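# Tertiary structure, described
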Amino acid sequence: MKKLGYVLIVIGVIALLDGCRIGGRHTVIVENGNGKERRIEYWGRVYFSADSTSIAQISPNGKVKYKNDDFEISAESDHNGRITYQFNDGEKKKELDNNEKISLARAVRDMMKVGHSNK
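These notes cover the structure that comes with them. Bear in mind that the values here come from a model prediction, so they are computed numbers and not experimental data.

When a protein is soluble and globular, its nonpolar side chains tend to lie buried together. One finds Ile55, Val64, Tyr85 and Met111 to be the most contacted residues of the largest nonpolar core, which totals 20 residues. Elements represented by at least two residues in this core include exactly strand 2 (36-43), strand 3 (46-48), strand 4 (55-58), strand 5 (63-68), strand 6 (71-77), strand 7 (83-87) and helix 2 (98-113). The greatest single-element share of this core, amounting to four residues, is contributed by helix 2. Excluding its chain neighbours within four sequence positions, the residues that come into contact with Tyr85 are Ile55, Ser74, Ala75, Glu91, Lys92, Lys93, Lys94, Leu96 and Leu104.

Structure, rendered in C-alpha cells:
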C-alpha cells in the first residue's frame, strides 16, 4: 500500500512539472454523448482571431489539440510564437491550404461554442 502512495505522488509531481513547463496552465474539455467524443486540450494561452476562423496566437511553447470523433487538429507555438499545425497526425506545417483553413475555422467555432474563448 505504501508503494502505491509513492507511485501516486511521483505521478502527481510529474504532471505538475509538465504543466509548469509551459506556463503552468493545462486545460481539458471533454464531451461524450450519442457515441461521439469531442476533446479540447490546451497548454498555455490560446487566442482566436476576431472573426473566429483561425488561431491568432498561442503563448510561447503552448499547444492546443482539438479532436471531434475522427477529425483532429493540433497547433503548437515555438518559443518565438510561430504556430505549426498538424491535421489527423499528418505532416506538420506552418502554412495552410484552403481546405485546412476551412477545417480550422470549423474547429475554432466549435471550441468557442463549448466554452473555450481566448483563454
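Let's pick the thread back up.
In this section: the packing of aromatic side chains. Tallied over the full model, the rule gives one aromatic pair. On the numbers, 6.5 Å between centres and 50° between planes, the contact of Phe71 with Phe87 is tilted. Of the two residues, Phe71 sits in strand 6 while Phe87 sits in strand 7, which places them 16 residues apart along the sequence. Phe87 sits in the buried class, given a relative accessible area of 12%.

Here the focus is the environment of Asp70. Take Asp70: it is sitting in the loop between strand 5 and strand 6. By relative accessible area, Asp70 is classed as exposed at 76%. Expressed as a C-alpha distance, the spacing of Asp70 and Lys36, which sit 34 residues apart in the sequence, is 9.4 Å.

Judged from the eight bridges that link them, strand 1 (residues 26-33) and strand 2 form a sheet pairing that is antiparallel. Considered in strand 2, the bridge of Ile29 is made with Ile40. The antiparallel pairing of strand 1 with strand 2 creates a hairpin that spans two residues between the two strands, and Asn34 there sits at a positive phi of about 55°.

Our focus in this paragraph is the pairing of strand 5. Walk down a regular strand and you will see the side chains alternate between the two sheet faces. Inspection of the sheet shows strand 2 paired to strand 5 by six bridges, in the antiparallel sense. Bridged to Arg38 within strand 5 is Asn68. Inspection of the sheet shows strand 5 paired to strand 6 by six bridges, in the antiparallel sense. Residue pairing for strand 6: Val64 is matched across the bridge by Ala75. Counting the residues in the hairpin turn of strand 5 and strand 6 gives two residues, including Asp69, whose phi is positive at 55°.

To continue, consider the pattern of salt bridges. Side chains that carry opposite charge are capable of pairing whenever their charged atoms lie near each other. Counting across every chain of the model gives eight salt bridges. Among the ionic pairs, Arg38 bridges to Asp110, the shortest N-O distance being 2.8 Å. On the criterion of sequence distance, the pair formed by Arg38 in strand 2 and Asp110 in helix 2 is long-range, its members being 72 residues apart. With a relative accessible area of 8%, Asp110 lands in the buried category. A network of salt bridges, in which partner residues are shared, links Glu31, Arg38, Asp110 and Lys113.

Analysis parameters
- Residues numbered from 1 in each chain as written.
- Predicted model: local features only at pLDDT ≥ 70, side-chain atom pairs only at ≥ 80, totals over all residues.
- Heavy atoms only, no water.
- Core = buried A, V, L, I, M, F, W, Y, C linked by side-chain atoms within 4.5 Å.
- Buried < 20%, exposed > 50% of the residue type's maximum accessible area, 1.4 Å probe, protein only.
- Helix = DSSP H or I, 4+ residues; strand = E, 2+ residues; numbered from the N terminus.
- Contact = heavy atoms within 4.5 Å.
- Phe/Tyr/Trp six-rings, centres within 6.5 Å; stacked < 30°, edge-to-face > 60°.
- Pairing = 2+ DSSP bridges.
- Salt bridge = Lys/Arg side-chain N within 4 Å of Asp/Glu carboxyl O.

So yeah, pure geometry; function would need other evidence.
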